[in-house]
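Here are the chains, one letter per residue:
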Amino acid sequence: MRGFAILTLAALLVAGSSGMAAAQTPPIESELVLITPVSKFIHDAALKAFADYAKEKWNVTVKVNAIPAGTPVAYGRVVEWKGRPEVDIFWGGESALFEKLAEQKLLQKVEIGKPVWDSVPASIGKPKPIPLKDKDGYWIGTALEPYGLVYNPKRIQRLGVSEPKEWDDLLNPKLKGEVAQCAPTRSSSSNATYEVMLSLYGEEKGWEWLTRLAANTGLFTARSRDVPTVVAKGEFAAGFAVPSYMAFEEKLAGFDIRFVAPKYAFVTPEPMAVLAGARNPKAARAFIEFLLTERGQKVFMERGLFSISPRFKVQGAPGSTAELAVEFTGGVRSYFDRDVANVYDEAVAAKRSEALKTRFRSDLEAKWEELKKK
């Protein structure tokens, strides 16, 4: 009996110590690394907000880091890692690339709570619905960001033209030499907008439209993020831009610059996925869940983007960053409050990508000086 009692006590002690060890195991890892084309303005804020949240909720200090990389480069790195990635998350870019990664078994399922997953609709837009999450669960969108136009209201007024609302407004003869854009060969956002025009008008009329735009263009910038800078400073009247690539930052810096998303503007859901073989999968999933909460969505909505959930709208106290964002985007608070028209087809765009760039070089870039004189 004495021997049995000793064994029983030993077993209880072992069980107790195991229970204590389990209780002390952090619910998430203490590190999170991602690779992304999403701007530093956005990803730095999102990572900091998550680190603060993890400390509050679990008392875990999470070391966060992001590797900035253009969409093609980021995708290529994920493929090269072959399931042994140096990061945990791939964030941003075209959803078609995430589909390709899933086919190559380079993603693991997101596996976040069902209410959070269900808070994001399957798609938005007509006639070509924009998917906002993967039907098989390998990626989910995080925020809605339109690719549209920025303009300088004072310069527009001096030129005697109405504030631009639609793509065709850029073709106004009074805007000759006043348009800034980045070449589609150097910018994925410009490439997407070129694709919109080709899908909207067809190849022949689409290239005719782009040729007329080139004739009105006074500057092709080195980077897409440079377009809102030259417009904000009043050097040019208008141009292609994305809110998170310097456009809203220029507004926050005090410049009078406005953004508008014309009808048929491309809208990205900024997809996010956990990579197969990720070293910190629990932290990765917790990060995704956090971004889809109201607190996480505010990170985006206070920086000129829109919530990917119909539940949240951009709103804040008078003079707040959120209300500045509403003013910047022409009064839009949610993309679910408006009809979203979309003609962009990722499959078509992927097939046409190289041909588009080749024709741009030969028909527009090489003849730009000649076009401006017409």
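Keep in mind that this is a model prediction, so the values were computed, not measured. (Residues numbered from 1 in each chain as written. Predicted model: local features only at pLDDT ≥ 70, side-chain atom pairs only at ≥ 80, totals over all residues. Heavy atoms only, no water.)

Trainee: Is there a simple way to explain the pattern of salt bridges in this structure?
Mentor: Side chains that differ in sign of charge can pair as their charged atoms come close. For the structure on display, the rule yields 18 salt bridges. A salt bridge links Asp52 to Lys48; the shortest N-O distance between them is 3.0 Å. Linking Asp52 with Lys48, this pair stays in helix H2 (residues 40-58), spanning four residues, or about one helical turn. A relative accessible area of 34% places Asp52 in the partly exposed class. What makes Lys48 exposed here is its relative accessible area of 52%. Ionic contacts of the salt-bridge type, sharing partners, join the residues Glu195, Glu203 and Arg352 into one network. (Salt bridge = Lys/Arg side-chain N within 4 Å of Asp/Glu carboxyl O. Helix = DSSP H or I, 4+ residues; strand = E, 2+ residues; numbered from the N terminus. Buried < 20%, exposed > 50% of the residue type's maximum accessible area, 1.4 Å probe, protein only.)

Trainee: Is there a simple way to think about the sheet that holds strand S17 (residues 306-307) in this case?
Mentor: Spatially, three strands are ordered S15-S9-S17 in an open sheet, and the strand pairing comes out antiparallel. Pairing within the sheet leaves two strands with one partner each, and these edge strands are strand S15 (267-268) and S17. Bridge analysis of strand S9 (residues 143-146) against S15 gives two bridges, and the strand direction is antiparallel. Its bridge partner being in S15, Pro146 is matched across the sheet by Val267. (Pairing = 2+ DSSP bridges.)

Trainee: Please clarify how the side chain of Gln181 should be interpreted in this entry.
Mentor: Among the structural elements, Gln181 can be located in strand S11 (residues 179-182). On the basis of relative accessible area, Gln181 is assigned to the buried category, the value being 1%. Beyond its immediate stretch of four places on either side in the chain, Gln181 contacts Tyr194, Leu213, Ala214, Thr217, Leu219, Phe220, Thr221, Val227 and Phe240. (Contact = heavy atoms within 4.5 Å.)

Trainee: Where do I start with the packing of aromatic side chains in this structure?
Mentor: The description of two aromatic rings rests on the distance between their centres and on the angle between their planes. This structure, assessed with the given rule, holds 18 aromatic pairs. A ring pair is formed by Phe259 and Phe328, whose centres lie 5.9 Å apart and whose planes are at 25°; its orientation type is stacked. Here Phe328 lies in helix H13 (residues 321-328) and Phe259 lies in strand S14 (residues 258-260), a separation of 69 residues in the sequence. We note Lys372 situated over the ring of Trp368; from NZ or CZ to the ring centre the distance is 3.8 Å. (Phe/Tyr/Trp six-rings, centres within 6.5 Å; stacked < 30°, edge-to-face > 60°. Lys NZ or Arg CZ within 6 Å of the ring centre and 35° of its normal.)

Trainee: What am I meant to see in the environment of Ala366 here?
Mentor: Note on placement: Ala366 falls in the loop between helix H14 (346-365) and helix H15 (368-373). Along the backbone, Ala366 and Glu294 are 72 residues apart, and their C-alpha atoms lie at a distance of 48 Å.

Trainee: Any chance you could explain empty space enclosed by the protein here in plain terms?
Mentor: One simple way to see leftover space: roll a probe sized like a water molecule over the atoms. If you walk through the whole model with that rule in mind, you get two cavities of 30 Å³ or more. Of the voids in this model, the largest cavity is the one considered here, and its volume is about 60 Å³. What lines the largest cavity is simply Tyr147, Gly148, Cys182, Ser189, Ser190, Thr193, Ser224, Val227, Phe240, Ala241 and Val242. A per-element tally of the lining of the largest cavity places helix H7 (residues 188-201) first, with three residues. Partitioned by chemical class, the residues of the lining of the largest cavity number six nonpolar, five polar and no charged. Taken as a whole, the second largest cavity encloses approximately 30 Å³ of empty space. Of the residues assigned to the lining of the second largest cavity, the class counts are six nonpolar, one polar and one charged. (1 Å grid on protein atoms, 1.4 Å probe; cavity = no way out; pocket = protein on both sides within 12 Å on 5 of 7 lines; lining within 4 Å. Points joined across faces, edges and corners; volume = space filled by probe spheres on them. Nonpolar A, V, L, I, M, F, W, Y, C, P; charged D, E, K, R; others polar.)

Trainee: Honestly, the confidence of the model for the protein chain in this entry has me stumped. Any pointers?
Mentor: Scored by pLDDT, the protein chain comes out at a mean of 91, with 94% of its residues at no less than 70. Taken as a whole, residues 4-14 scores under 50 in pLDDT and shows zero contacts with residues more than four places along the chain or in a different chain. (pLDDT = per-residue confidence, 0-100.)

Trainee: What is the right way to read the pairing of strand S13 (residues 238-241) from this model?
Mentor: On a regular strand, each side chain points to the face opposite its neighbour's, so the side chains alternate between the two faces of the sheet. In this sheet, S13 lies alongside strand S10 (residues 148-151) in antiparallel orientation, the contact comprising four bridges. Bridge pairing in S13 places Val150 opposite Gly239. Strand direction decides the pairing type here: S11 and S13, joined by two bridges, are parallel. Counted as the bridge partner of Val179 is Ala238 from S13.

Trainee: Would you explain helix H8 (residues 203-216) in this entry?
Mentor: Since there are 3.6 residues in each turn of an α-helix, residues three or four apart along the chain are aligned in direction. Helix length check: H8, at 14 residues, gives a terminal C-alpha distance of 20 Å against a target of 20 Å (1.5 Å per residue), a fit within 8%. Where H8 is concerned, the buried positions are Gly206, Trp207, Trp209, Leu210, Leu213, Ala214, Ala215 and Asn216. On the buried face of H8, the contacting elements are S11, H7, strand S12 (217-221), S13, H14 and H15. (Expected span 1.5 Å × (residues − 1).)

Trainee: How should the layout of surface pockets be read in this particular structure?
Mentor: Of the voids in this model, the second largest pocket is the one considered here, and its volume is about 150 Å³. Looking at the second largest pocket, it is lined by 14 residues, and the ones nearest its centre are Ala261, Pro262, Lys263, Tyr264 and Arg338. Split into classes, the residues belonging to the lining of the second largest pocket amount to nine nonpolar, no polar and five charged.

Trainee: Please clarify how the sheet that holds S13 should be interpreted in this entry.
Mentor: With respect to topology, five strands assemble into an open sheet ordered S12-S11-S13-S10-S14, the strand pairing being mixed. The open sheet is flanked by S12 and S14, the only strands paired with a single partner. Averaged over all pairs of adjacent strands, the angle between strand axes in this sheet comes to 30°, irrespective of strand direction. As paired strands, S10 and S14 are joined by three bridges and run antiparallel to one another. When the sheet's bridge partners are listed, Tyr151 is paired in S14 with Arg258. In the packing of H7 onto the sheet, the strands contacted are S11, S12 and S13, and the crossing angle to S13 comes to about 105°. (Axes fitted to C-alpha atoms, helices over the stretch in contact; angles between N-to-C directions.)

Trainee: What is the right way to look at the nonpolar core in this model?
Mentor: Among soluble globular proteins, nonpolar side chains are generally buried collectively. Formed by 106 residues in total, the largest nonpolar core has its most connected members in Leu32, Ile89, Trp91, Phe287, Ile288 and Tyr335. Of the residues forming this core, the biggest block, eight residues, is contributed by H2. Residues contacting Ile288, with those up to four places away along its chain left out, are Ile89, Val110, Ile112, Ile140, Met272 and Val274. Grouped together as the second largest cluster of nonpolar side chains are 18 residues, Val87, Phe90, Leu106 and Ala273 included. (Core = buried A, V, L, I, M, F, W, Y, C linked by side-chain atoms within 4.5 Å.)

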